[in-house]
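Residues per chain, in single letters:
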Number of protein chains: 2
Amino acid sequence: MDTYGAPLRDMRFILDHLVGLDGIAALPDCEAAEPELVYSILEEADKFAAGVLAPINKSGDLQGCRLDGDRVVVPNGWQEAWDQFVAAGWLGLSLPAEYGGQGLPKALWAPVWEMWFSANLAFTMLPQLTLGQTEALEVAADDAMKALYLPRIVSGEWSCNMSLTEPQAGSDLAAVRMRAEAAEDGSYRLYGQKIFISYGDHELTDNIVHLVLARLPDAPAGIKGISLFLVPKFLVNADGSLGVRNDVRAVSLEDKMGIHGSPTCTMAYGDQGGAVGYLVGELNRGIEYMFVMMNEARFGVSLHGVALAERAYQMALRYANERSQGKVAGEAGRPIAGHPDVKRQLLAMRTRIFAMRALVYPAAAWFDHARHHPEPDVAARSRRYIDLLMPVLKAWNTETGNLVCDDAIQVFGGMGFVEETGIAQHYRDGRVTRIYEGTTGIQANDLVSRKILRENGATLRELVADIRADIAALAEMADVADVAELARHARVLANNVDDLERATDFLLAHGSTDPATVQAAAVPFLHLTGLVCAGWRVAQAARAAQSLLTASAASAGSEASATSGAPAAQGAAGGQAEDASYLRGVLALASFWFATYAPQVRAHADTVAASACVGLAPDAALWA
Amino acid sequence: MDTYGAPLRDMRFILDHLVGLDGIAALPDCEAAEPELVYSILEEADKFAAGVLAPINKSGDLQGCRLDGDRVVVPNGWQEAWDQFVAAGWLGLSLPAEYGGQGLPKALWAPVWEMWFSANLAFTMLPQLTLGQTEALEVAADDAMKALYLPRIVSGEWSCNMSLTEPQAGSDLAAVRMRAEAAEDGSYRLYGQKIFISYGDHELTDNIVHLVLARLPDAPAGIKGISLFLVPKFLVNADGSLGVRNDVRAVSLEDKMGIHGSPTCTMAYGDQGGAVGYLVGELNRGIEYMFVMMNEARFGVSLHGVALAERAYQMALRYANERSQGKVAGEAGRPIAGHPDVKRQLLAMRTRIFAMRALVYPAAAWFDHARHHPEPDVAARSRRYIDLLMPVLKAWNTETGNLVCDDAIQVFGGMGFVEETGIAQHYRDGRVTRIYEGTTGIQANDLVSRKILRENGATLRELVADIRADIAALAEMADVADVAELARHARVLANNVDDLERATDFLLAHGSTDPATVQAAAVPFLHLTGLVCAGWRVAQAARAAQSLLTASAASAGSEASATSGAPAAQGAAGGQAEDASYLRGVLALASFWFATYAPQVRAHADTVAASACVGLAPDAALWA
């Protein structure tokens, strides 16, 4: 019952009308991304996700991973999936051609990878981590290292992981203690332990490239003394052939609430004389390089949020249309989807998923604009927007995604709590998405301290001006099309934006005088920002849908008057009817958004404004 | 690390100042509940919960239950815990003396059972179900059945379960198909299957009493044809000795997300000729009797909400005070509890727990008033209040409890997602509380359809008048004590109550014309009601705390002027200082409530008012 099919209509609608695929294909080096090719890639990805990755998701959860001596054993089917994944070229989709990739834009990468995450998150963490490393190596490694490693990584012969966390260094990487000592040959020897290393070891690939944060004995304290090292599982000869086993191994696996198919390893370095490592880039710039992969990872995790929600929603929607219970409008034997409260839950889920997707795909396009747009102003603004909103994308999408997975359990009722149906897996798997690559609290602190306060809210003001322009456009459309509902959305969103600005003013006013209150306000402020930005995208979608409906009605009207009931016109009307029904669905999601989620903005704004209560609370308040 | 200690100060504060223990002890048949005895019972219960039940909670989760042939094997330690539990008389705490109970009031029962649920929910489901049955048997069984069964149940020799659900009959008990046929001796033979039966089988007690819903072949269709049968695991001779094994057995156990220590059984009846059952009460009144146990069970589940939240909070608070990470106010090596965002999370949890507890204990006292109050008006009003709010207590407390358990994971960060720390168990265990004994959707429908619409909102108006009187009292106190913060709380709560009334007006206005919209509004309305009622109790607590602080300051002032610095006065001041610090903590929780949770009321009210969007959404809106 837990099958998966990609939500292609949503994906295309958002790509066409919110991202603007034509605009992406018009960017230098993005010519390949012309819409027909993009659509066909999406269809192929759907087949791969549904046919290869989804079927081993539940079995992977049940089977999990285990440590057998010093071998990490992953679930059955993982090897075949990896082999097919890299053989089909999916790993290289967005990577540069010079290393064997296809150089397609991030705006396409986002929906394709959303599918992998939906189909099998635990599996897909391996390619995701591998991809993140390539970005870091591209930025930081010297040419020799790139030439030796990148082609073998992009081809899928070797894979990568990200080795940051230590028992005393979780959110605070300044506390990293892993020791690196210079060897005579210019390499280093690493000693210490890393924890929570996803795919820290496995035998899916011939070699594993660990990118490891460590510090030299004489390095400065704190984050300015941390360097990035490349530590291969097997040493690599100059010709790329594999040498001896390096001194790094998995010593235990975590027993986790979810993503059982992804081995979470404790890795020991240097127990037998020192793990051979190679400095990546320059000494003491490790945190800077790490943030290259971290930002990739965070963007990927924002997709985890929507992806798991989509998967859980598909199951819940199917269940609600199969299960009958009680009377629906007085009739027995009809599916529970007809109960108003179940329909409300389904709409709640679907609306949130639509909003998350509408938030994240255009953000993916910002990456493309930042990298490729010929006008430096546009490119720079896109970079500012993605920097500003990265913590919001990561945290708001995963917070929201968790809520959707939770709703899905509720639709299943008692069957949601038993593992048999499979819905519980998505709930369990998803719980980590609000934690890894920086908790929601860490993201909120990043948003408020590093993104808003540091630049006095400048980029946020810029974004707000964009949103206000879109509100004006929506209000105008509502007026022209005479749709009171859309005019109401415009008013509600305008109030939401006012609340966002007031909350921002609050942060700016207290930033230097009362930093503790600002930090206590950070998470509510992040929720507020997420809701406003997602609401903006939902409003854009509603405007696009209304615009298409209006145009279609006008054209149907003129066709009808021209052909007056001839079969051809009926055919055209039939085709339009299907589109129109989807478009009216989008309008219904917008109505649900502004009925249910937009009102939460004011609540968060009130909470931000009252955040001083946190600092004022005596410690005794915490003890019953 | 996962130890438990009962929050005795909170429990006492709420019993003393919100419930009014003196008033309970003044009720007929409640004389035993004088405060000093109550406090000592709470202390004993704390020792039992911490010493006997809590230590086997995690091992029970890890070990789970299994079916060995047709024996259900529960975790190690369960037998010893059960034996000690019943030997200490805890099962009979609230039961009538004539069957061996101690007849203590529900207002005491609530904190005591909160402790059991905190310490070990999976274990405590057995005594809870057993207790619920005794209430049903008391109401519905004839004297002979009571005399034969109740003393042996109250003594813990035998235990009970509640056998309602069938594959096609979950939320909709009208669909029950279990067949009962009259036998010549006046008993019945039962045939069919029940699912999701907690403690459907086990060997902790000599016998198991199944209370089973079934229907006679010629019974009317729907809920009016369902009868309640008592089906013992071993037949019972007239002298109470055990006879042959009955034809009912566990055929499988569910693999669940949580409460692994509670066996969830599929029970087969009549595979070998028919399970012998005895009619309880009258034919075709089974649903009515079942609701006696169901209401008990729902009230108990409202305590599950606060209990698991308390347990998870204690762990999170301890972790946040042991773990250090990053710099707190510029200093390294200090616990994360000092980070403003972590403190915010802890306050968020603690405030919710305080509010849940403040909501549920006075509701327990309504039971006592309903049963024992000498003034019929007071008794009747208490019954109306408990009937009105039962769905809110059950659903809002479990929804809120789940959010607290979720926050606790977040405080643990990565360690929250691994099972080793134990925090994940409370999150997994708690997820079912929003499902069993009626999902949140079912509760909301009950609230709106059966409690509000059926009586045109009369009891809710009555409750609102009580709340408004308390708001006036709080405002007056704020004025007298000159505390602006309390005056602000009073204003916010008054606005909240206005929102509740407007939302109620909306339901009443649409109840007959647009029932689907009213049903779509039910869950947001339930959240709104829960927030308003909990906020009312928080405001009462704040008023009590301020009143005590004001009185204490006045008395300290007069003492100080009388004894001017003598050691005795210092001693008194020291004693007061501890109390005052707790009381100021209560005020801080109230401030957090009105900063963070009260603002959500308006959002839910807006959603209620816009609920027509659910019905208006075309089905196509649900399909991507």
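On a predicted model such as this, the values are computed, not experimentally measured, just so you know. (Residues numbered from 1 in each chain as written. Chains lettered and ligands numbered in written order. Predicted model: local features only at pLDDT ≥ 70, side-chain atom pairs only at ≥ 80, totals over all residues. Heavy atoms only, no water.)

## Thoughts on helix α7 (residues 143-154) of chain A
Residues and elements named next belong to chain A.
Okay, step 1: Taking 1.5 Å per residue as the helical rise, α7 with its 12 residues ought to reach 16 Å, and the 16 Å between its terminal C-alpha atoms agrees with that figure.
Okay, step 2: If you check which residues of α7 are buried, you get Met145, Lys146, Leu148, Tyr149, Leu150, Ile153 and Val154.
Okay, step 3: In this structure, the buried residues of α7 make contact with α6 (106-140), β3 (158-163), β6 (207-214), β7 (227-232), β8 (234-236) and β12 (275-279).
Okay, step 4: Within two residues after α7, Gly156 carries a phi angle of roughly 85 degrees, on the positive side. (Helix = DSSP H or I, 4+ residues; strand = E, 2+ residues; numbered from the N terminus. Expected span 1.5 Å × (residues − 1). Buried < 20%, exposed > 50% of the residue type's maximum accessible area, 1.4 Å probe, protein only. Contact = heavy atoms within 4.5 Å.)

## Topic: the relation of the copies chain B and chain A
Okay, step 1: For the pair chain B and chain A, the relating rotation is 180 degrees, the translation along its axis is 0.0 Å, and the fit reaches an RMSD of 0.0 Å. Given the turn and translation reported, the copies of this chain are related as if by a two-fold rotation axis.
Okay, step 2: The share of interface residues of chain B whose copies in chain A are also at the interface is 100%, consistent with both copies meeting through the same surface. (Least-squares fit on C-alpha atoms with pLDDT ≥ 70 in both.)

## Quick notes on the environment of Val280 of chain A
Residues and elements named next belong to chain A.
Okay, step 1: Its location among the elements puts Val280 in the loop between β12 and α8 (286-322).
Okay, step 2: Along the primary structure Val280 and Leu211 are separated by 69 residues, whereas in three dimensions their C-alpha atoms are 8.6 Å apart.
Okay, step 3: Contacts of Val280, omitting those with residues within four sequence positions, involve Leu137, Ala140, Ala141, Met145, Leu211, Leu228, Phe229, Leu230 and Tyr289.

## Remarks on the packing of aromatic side chains
All names here are of chain A.
Okay, step 1: What the rule picks out here adds up to 43 aromatic pairs over all chains.
Okay, step 2: For the pair Phe85 and Trp113, a centre-to-centre distance of 5.9 Å together with 85 degrees between the ring planes defines the contact as edge-to-face. Of this pair, Phe85 sits in helix α5 (residues 78-87) while Trp113 sits in helix α6; the two residues are 28 residues apart in sequence, bridging distant segments of the chain.
Okay, step 3: What makes Trp113 buried here is its relative accessible area of 0%.
Okay, step 4: Ring pairing ties together the aromatic residues Phe48, Trp78, Phe85, Trp90, Trp109, Trp113, Trp116, Phe117, Phe123, Phe299 and Phe367, which thus form one cluster.
Okay, step 5: Positioned above the aromatic ring of Phe367 is the side chain of Lys106, whose terminal nitrogen or guanidinium carbon lies 5.1 Å from the ring centre. (Phe/Tyr/Trp six-rings, centres within 6.5 Å; stacked < 30°, edge-to-face > 60°. Lys NZ or Arg CZ within 6 Å of the ring centre and 35° of its normal.)

## Digging into the interface of chain B and chain A
Okay, step 1: The interface is formed by 84 residues belonging to chain B together with 84 residues belonging to chain A.
Okay, step 2: Summed over the shared surface of chain B and chain A, the number is four salt bridges.
Okay, step 3: For the pair chain B and chain A, the number of links is 38 residue pairs in polar contact (both at pLDDT 80 or more).
Okay, step 4: Along the lines of polarity and charge, the residues of the side of chain B that touches chain A split into 41 nonpolar, 22 polar and 21 charged. (Salt bridge = Lys/Arg side-chain N within 4 Å of Asp/Glu carboxyl O. Polar contact = N/O pair within 3.5 Å; in protein donor to acceptor, adjacent residues only side chain to side chain. Nonpolar A, V, L, I, M, F, W, Y, C, P; charged D, E, K, R; others polar.)

## Details of unusual backbone geometry
Residue and element names in this part refer to chain A.
Okay, step 1: One non-glycine residue, Phe196, lies in the positive phi region at around 60 degrees.
Okay, step 2: On the secondary structure map, Phe196 appears in strand β5 (residues 188-198).
Okay, step 3: Notably, Asn456 is not glycine yet its phi reads approximately 60 degrees, a positive angle.
Okay, step 4: By the secondary structure assignment, Asn456 is in the loop between α13 (440-452) and α14 (458-481).
Okay, step 5: A residue is classified by how much of its surface remains accessible, and Asn456, at 55% relative accessible area, is exposed.

## Observations concerning the pairing of strand β4 (residues 179-182) of chain A
Residues and elements named next belong to chain A.
Okay, step 1: Two strands pair when backbone bridges link them, and β4 and β5 are joined in this way by four bridges, in the antiparallel orientation. Following the sheet pairing, Ala182 is matched in β5 by Tyr188.
Okay, step 2: A loop of five residues connects β4 with β5, the two strands running antiparallel in sequence, and Gly186 in this loop sits at a positive phi of about 95 degrees. (Pairing = 2+ DSSP bridges.)

## A word on the pattern of salt bridges
In a structure, side chains of opposite charge can pair up when their charged atoms sit close to one another.
Okay, step 1: Taken as a whole, this structure holds 73 salt bridges over all chains when the rule is applied.
Okay, step 2: The salt bridge partner of Asp406 of chain B is Arg434 of chain A, with a shortest N-O separation of 2.6 Å. One end of the pair, Asp406 of chain B, is in helix α10 (residues 376-412); the other, Arg434 of chain A, is in the loop between α12 (423-430) and α13, on a second chain. Each member of the pair, Asp406 of chain B as well as Arg434 of chain A, is classed as buried.
Okay, step 3: For Arg468 of chain A, the salt bridge goes to Glu501 of chain A, with nearest N and O atoms at 3.0 Å.

## So, the side chain of His304 of chain A
Residue and element names in this part refer to chain A.
Okay, step 1: Secondary-structure assignment places His304 in helix α8.
Okay, step 2: Of the residues examined, His304 reaches a relative accessible area of 1% and is grouped as buried.
Okay, step 3: Once residues within four sequence positions are removed from consideration, His304 is found in contact with Phe117, Leu121, Gln128, Thr433 and Tyr436.

## Structural notes on the packing of helix α10 (residues 376-412) of chain A against α13 of chain A
Axes are the key here: two packed helices are described by the angle between their axes and the distance separating the axes.
Residue and element names in this part refer to chain A.
Okay, step 1: As a packed pair, α10 and α13 sit with axes 9 Å apart at the nearest point and diverge in direction by 160 degrees. Classed by the angle they form, the pair α10 and α13 counts as roughly antiparallel. Considering the relative orientation of α10 and α13, their crossing is left-handed. Between α10 and α13, the contacting residues are Asp387, Leu388, Pro391, Val392, Lys394, Ala395 and Glu399 on the first element and Thr440, Gln443, Asp446, Leu447, Lys451 and Ile452 on the second.
Okay, step 2: Residues that form the contact of α10 with α13 fall into these classes: six nonpolar, two polar and five charged. (Axes fitted to C-alpha atoms, helices over the stretch in contact; angles between N-to-C directions. Parallel < 35°, antiparallel > 145°, perpendicular 65-115°, else oblique. Left-handed = near helix turned anticlockwise from the far one by under 90°.)

## Looking at the environment of Asp498 of chain B
Okay, step 1: Its location among the elements puts Asp498 of chain B in helix α15 (residues 484-510).
Okay, step 2: You can call Asp498 of chain B partly exposed: its relative accessible area is 29%.

## Some thoughts on the environment of Pro618 of chain B
Okay, step 1: Considering the arrangement of structural elements, one finds Pro618 of chain B in the segment after α20 (612-616).
Okay, step 2: Taking the C-alpha atoms as reference, Pro618 of chain B lies 32 Å from Glu437 of chain B; in sequence the two are 181 residues apart.
Okay, step 3: Beyond its immediate chain neighbours, meaning those up to four positions away, Pro618 of chain B contacts Arg584, Gly585 and Ala588 of chain A.

## A few points about the domain arrangement of chain A
All names here are of chain A.
Okay, step 1: What the domain assignment lists for chain A is domain 1 (289-447) and domain 2 (487-619).
Okay, step 2: Each of domain 1 and domain 2 has a C-alpha centre, and these two points are 16 Å apart.
Okay, step 3: In total, about 2,000 Å² of surface goes out of reach between domain 1 and domain 2, with carbon and sulfur atoms giving 81% of it.
Okay, step 4: When residues of domain 1 are sorted by the area they lose upon contact with domain 2, Thr351, Phe354 and Trp396 head the list and together hold 29% of the total.
Okay, step 5: Summed over the shared surface of domain 1 and domain 2, the number is zero salt bridges.
Okay, step 6: One can count one residue pair in polar contact (both at pLDDT 80 or more) joining domain 1 with domain 2.
Okay, step 7: Among the elements of the structure, α9 (340-372), α10 and α13 are those that each provide at least two residues to the side of domain 1 that touches domain 2.
Okay, step 8: Ranked by the residues each element gives to the side of domain 1 that touches domain 2, the list is headed by α9, at 12 residues.
Okay, step 9: Of the residues contributing to the side of domain 1 that touches domain 2, the split by class is 15 nonpolar, five polar and four charged. (Domains from an automatic or database assignment. Buried area = accessible area lost by both parts, 1.4 Å probe.)

## Comments concerning the pairing of β7 of chain A
The side chains of a regular strand alternate, first on one face of the sheet and then on the other.
Residues and elements named next belong to chain A.
Okay, step 1: Taken across its six residues, β7 has six buried, putting it largely inside the fold.
Okay, step 2: A two-sided burial pattern is seen for β7, the buried positions comprising Ser227, Phe229 and Val231 on one face and Leu228, Leu230 and Pro232 on the other.
Okay, step 3: Bridging between β6 and β7 involves six bridges; their strand directions are antiparallel. In the strand pairing of β7, Val212 is matched with Phe229.
Okay, step 4: Direction of pairing for β7 relative to β12: antiparallel, over a ladder of two bridges. Paired with Leu230 across the strands is Tyr278, a residue of β12.

## Re the confidence of the model for chain A
All names here are of chain A.
Okay, step 1: On average, residues of chain A score 94 in pLDDT, and 97% of them are at 70 or above.
Okay, step 2: Counting contacts from residues 564-577, a segment whose pLDDT is below 50, to residues more than four positions away or on other chains yields eight contacts.
Okay, step 3: Two summary scores accompany this predicted model of the complex, namely pTM at 0.96 and ipTM at 0.96. (pLDDT = per-residue confidence, 0-100.)

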